[in-house]
Every structure is written in structure tokens, then in C-alpha cells.
Amino acid sequence: KNKIPLYVTVYEEIFSMINRGEFKLGEKLPGENELAKMLNVSRGTLRQALLLLQEDNIIFNYQGKGNFITNNKFKIKINKMKDNVNVTALANVNIE
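Keep in mind the model is a prediction, meaning the values are calculated, not measured.

Participant: Any chance you could break down the pairing of strand S1 (residues 59-62) for me, citing the residues and the numbers?
Facilitator: One ladder, built from 4 bridges, connects S1 with strand S2 (residues 66-69); its direction is antiparallel. Each residue of the ladder has a partner; that of Asn61, found in S2, is Asn67. Taking the residues between adjacent antiparallel strands as the criterion, S1 and S2 are bridged by 3 residues, where Gly64 takes a positive phi near 85 degrees.

See the structure below:
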């Protein structure tokens, strides 16, 4: 069977929500618990979807602050403040 994994469906749902403007560019996504409840999935499934969204540069994780929707204007704004920010948080690097 070619059953699509649930986290892929969750990825597509979050992506659609961003495209529909339910989450604005540069905005912080709701916390993992809240988002998992909204989408009726486990946090584990949600986290897999969030990792894919990060790999595709649709969102980025700012450690200790949460997941933000990528937006060029937003990144420029943060780059101007980079003295105060951990720049590696913006690099979307996978640390294995």
C-alpha cells in the first residue's frame, strides 16, 4: 500500500494554513501542544511535520522561542538585530 504517512498530511495541512493566511509570514506558530490539539495528532507526529517544514525553509526554529514562519522581511529584520540573537538559529542547519 502507498499510504501517506500522517506527518506528511500534517505538513500539508500546516503549509495550507500558512498559504491561506491563517498564520502570517514572520509570525510565531502556536506551541507544539496547542498545534497538536488543533490538528488532532500526537506531538511526535507534529514534530516530524515541523522538522520537514524546517528542512523546506517554510518555518525556522528559534531555540527557546518556538517555530516561526519564514519571511524574507522578517529575516532581514532579525539580521539587523543579530548582535542580540543567536545567528545559528536562523541558519536552518540540521545538527545530527
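Now that the structure is up, let's keep going.
Participant: Can you explain the environment of Thr70? Please cite residues and give values.
Facilitator: Secondary-structure assignment places Thr70 in the loop between S2 and helix H4 (72-80). Separated by 12 residues in the primary sequence, Thr70 and Ile58 have C-alpha atoms spaced 5.4 Å apart. A polar atom in the side chain of Thr70 sits 3.2 Å from the backbone oxygen of Asn57.

Participant: Tell me about helix H3 (residues 43-55), residues and numbers included.
Facilitator: The end-to-end C-alpha separation of H3 is 18 Å, in line with the 18 Å expected for 13 residues at 1.5 Å each. The complete set of buried residues in H3 reads Thr45, Leu46, Ala49, Leu50, Leu53 and Gln54. Lining the buried residues of H3 we find helix H1 (6-19), helix H2 (32-39), S1 and S2. Directly beyond the C-terminal end of H3, a positive phi value near 60 degrees is found at Asn57.

Participant: Tell me what's going on with the confidence of the model for the protein, and back it up with residues and numbers.
Facilitator: Looking at the protein as a whole, the pLDDT averages 80, with 73% of positions reaching at least 70. The model gives residues 73-96 a pLDDT under 50, and that stretch makes 22 contacts with residues more than four places away or in other chains.

Participant: How would you summarise H1 if you had to cite specific residues and measurements?
Facilitator: End to end, H1 covers 20 Å across 14 residues, agreeing with the expected 20 Å (1.5 Å per residue, within 8%). Those residues of H1 lying buried are Val10, Tyr11, Ile14, Met17 and Ile18. Taken end-on, H1 shows its buried residues confined to a sector of 125 degrees, consistent with a single buried face. Packed against the buried residues of H1 are H2, H3, S1 and S2.

Participant: Describe the packing of H1 against H2, with residues and values.
Facilitator: Following both chains from N to C, one finds H1 and H2 inclined at 100 degrees, their axes separated by 12 Å at the closest point. Viewed along their axes, H1 and H2 adopt a mutual orientation that is roughly perpendicular. Residue-level contacts link Val10, Glu13, Ile14 and Met17 of H1 to Leu35, Met38 and Leu39 of H2. Broken down by class, the residue content of the contact of H1 with H2 amounts to 6 nonpolar, no polar and 1 charged.

So, how was this worked out
- Residues numbered from 1 in each chain as written.
- Predicted model: local features only at pLDDT ≥ 70, side-chain atom pairs only at ≥ 80, totals over all residues.
- Heavy atoms only, no water.
- Pairing = 2+ DSSP bridges.
- Helix = DSSP H or I, 4+ residues; strand = E, 2+ residues; numbered from the N terminus.
- Polar contact = N/O pair within 3.5 Å; in protein donor to acceptor, adjacent residues only side chain to side chain.
- Expected span 1.5 Å × (residues − 1).
- Buried < 20%, exposed > 50% of the residue type's maximum accessible area, 1.4 Å probe, protein only.
- Contact = heavy atoms within 4.5 Å.
- pLDDT = per-residue confidence, 0-100.
- Arc of directions from axis to C-beta.
- Axes fitted to C-alpha atoms, helices over the stretch in contact; angles between N-to-C directions.
- Parallel < 35°, antiparallel > 145°, perpendicular 65-115°, else oblique.
- Nonpolar A, V, L, I, M, F, W, Y, C, P; charged D, E, K, R; others polar.

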